[in-house]
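Each chain, letter by letter, is given below.
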Amino acid sequence: MDIIANTLSSTGASPAMTHSLLEIPDFTPQTHAVVINIGTLAPEWLPCMKCAAGIANELAKPWVLDPAAVGASCFRLNACLELLALRPTVIRGNGSEIIALNTGSIGSTKGADSLHESSDAIEAAKSLAKSSGSIVAISGSIDYVTDGHRVVGAHNGVQMMQKITASGCAVSALIAAFIAIDPAHAFEATVSAFAVYGLAGEIAMGLAKGPASLRMHLIDSLHSLDEDTVINGVKITSFS
Ligand SMILES: Nc1ncnc2c1ncn2[C@@H]1O[C@H](COP(=O)(O)OP(=O)(O)O)[C@@H](O)[C@H]1O
Ligand SMILES: Cc1ncsc1CCOP(=O)(O)O
Ligand SMILES: [Mg+2]
């Protein structure tokens, strides 16, 4: 929650974290986008998540599903399948998470970390996008975004970002913030969020001594990015 909220604040968005069923009906209408992240899922949280997704859908607000560690337990997998039925705008996971969600089976993961390269999950992502109607975003050395037909890659980022716990969760939230700015172009916003986040990571890596200082400099560099740096620094290619 810390890195997610600070990633959003430093970029200019305004985060609000909540998981109480008592307040989700009040909170959700105030948002421009919702992120549902199962990172620390407990049984009593699932109805809250479904409530938030349902309200977001009723109000035509975009929402992003982060299926953190979905391949690690049946509980997580079944929860994600219920959330998938509510049709997230975007699903963002690492390679193993996207493969687990597409096959509907657990086991092929290293807990919250990926056993797969992002490229290993492209076909699974296309299939998941077609079956769910969601945009599917795979993080990794290259971040891929697909709607089941188009595949676009963002090449920014540094390997050490994997060593910051919840850096993936943070980019899921950044995707939601970018979509909030331009909901009619959710696909492009997703690619842009990946590229901008990776670019901030590259700049931060120039100042960092390891994962802890990378985390700090990543938040600082998100805050100080300007338009010229972004336009000159993002590396985006189309694969189809
Ligand atoms: N090998 C890599 N090279 C460059 N960037 C990476 C690499 N692996 C992950 N990243 C970046 O780290 C962030 C978190 O991705 P990832 O580690 O795949 O997520 P998760 O934490 O959900 O497993 C993303 O922005 C991604 O682009
Ligand atoms: C450590 C941990 N345990 C369950 S979820 C999680 C963090 C997942 O965050 P990310 O996938 O962004 O590293
Ligand atoms: Mg991680």
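The structure presented is a predicted model; accordingly, all values stated were derived computationally and were not measured.

Parameters at a glance
- Residues numbered from 1 in each chain as written.
- Chains lettered and ligands numbered in written order.
- Predicted model: local features only at pLDDT ≥ 70, side-chain atom pairs only at ≥ 80, totals over all residues.
- Helix = DSSP H or I, 4+ residues; strand = E, 2+ residues; numbered from the N terminus.
- Buried ≥ 20, exposed ≤ 12 C-beta atoms within 10 Å, placed from the backbone.
- Contact = placed C-beta atoms within 7 Å.
- Near = placed C-beta within 6 Å.
- Nonpolar A, V, L, I, M, F, W, Y, C, P; charged D, E, K, R; others polar.
- Axes fitted to C-alpha atoms, helices over the stretch in contact; angles between N-to-C directions.
- Parallel < 35°, antiparallel > 145°, perpendicular 65-115°, else oblique.
- Left-handed = near helix turned anticlockwise from the far one by under 90°.
- Core = buried A, V, L, I, M, F, W, Y, C linked by C-beta atoms within 7 Å.
- Pairing = 2+ DSSP bridges.

1. Details of the overall build of the protein
Right, on to step 1. When helices and strands are tallied, the protein shows ten helices and seven strands.
Right, on to step 2. Taken along its principal axes, the extent of the C-alpha atoms in the protein is 45 × 35 × 35 Å.
Right, on to step 3. Within the protein, buried positions represent 48% of all 240 residues.
Right, on to step 4. Within the protein, contacts between residues separated by at least 24 positions form 68% of all contacts whose residues are at least 6 apart in sequence.

2. Here's the deal with the environment of Y197
Right, on to step 1. Structurally, Y197 can be placed in helix 8 (residues 186-205).
Right, on to step 2. For Y197, a count of 28 C-beta atoms within 10 Å puts it in the buried group.
Right, on to step 3. Along the sequence, Y197 and I179 sit 18 residues apart, while their C-alpha atoms lie 14 Å from each other.

3. A look at the site of ligand 2
Right, on to step 1. Around ligand 2 lies a shell formed by G39, A68, A69, A112, T165, A166, S167, G168 and C169.
Right, on to step 2. Tallied by class, the residues present in the shell around ligand 2 amount to five nonpolar, four polar and no charged.

4. Notes on the site of ligand 1
Right, on to step 1. Surrounding ligand 1, one finds 17 residues, the nearest of these being N94, S139, G157, M161 and G168.
Right, on to step 2. For the shell around ligand 1, the secondary-structure elements that each account for two or more residues are helix 7 (167-181) and helix 8.
Right, on to step 3. Examining the composition of the shell around ligand 1, we find that three residues originate from one element, helix 7, more than from any other.
Right, on to step 4. Of the residues in the shell around ligand 1, the class split is four nonpolar, eleven polar and two charged.

5. A closer look at the packing of helix 3 (residues 45-58) against helix 4 (residues 74-84)
Right, on to step 1. Two elements in contact, helix 3 and helix 4, have axes whose closest approach is 10 Å; the angle formed by their N-to-C orientations is 15 degrees. Put simply, helix 3 runs roughly parallel to helix 4. Between helix 3 and helix 4 lies a crossing of right-handed hand. Of helix 4, the residues touching helix 3 (which contributes L46, M49, K50 and A53) are A79, E82 and L83.
Right, on to step 2. Looking at side-chain class alone, the contact of helix 3 with helix 4 contains five nonpolar, no polar and two charged residues.

6. Remarks on the nonpolar core
Right, on to step 1. Of all hydrophobic cores here, the largest spans 72 residues; its most connected members are A125, L174 and I175.
Right, on to step 2. It is helix 8 that provides the largest number of residues to this core, a total of twelve residues.
Right, on to step 3. If we ignore the near neighbours within four places in the chain, the residues touching I175 are V64, V90, R92, A137, A189, T190 and A193.

7. Re the sheet that holds strand 7 (residues 236-238)
Right, on to step 1. In space, the seven strands of this open sheet follow the order 1-2-3-4-5-6-7, with mixed pairing throughout. The open sheet terminates on both sides in strands that have one partner only, identified here as strand 1 (34-37) and strand 7. Going across the sheet, the axis of each strand differs from the next one's by a mean of 20 degrees, ignoring polarity.
Right, on to step 2. Pairing of strand 1 with strand 2 (residues 63-66) involves four bridges; the strand directions are parallel. In the sheet register, N37 faces strand 2, and the bridge partner there is D66.
Right, on to step 3. In the packing of helix 3 onto the sheet, the strands contacted are strand 1 and strand 2, and the crossing angle to strand 1 comes to about 155 degrees.

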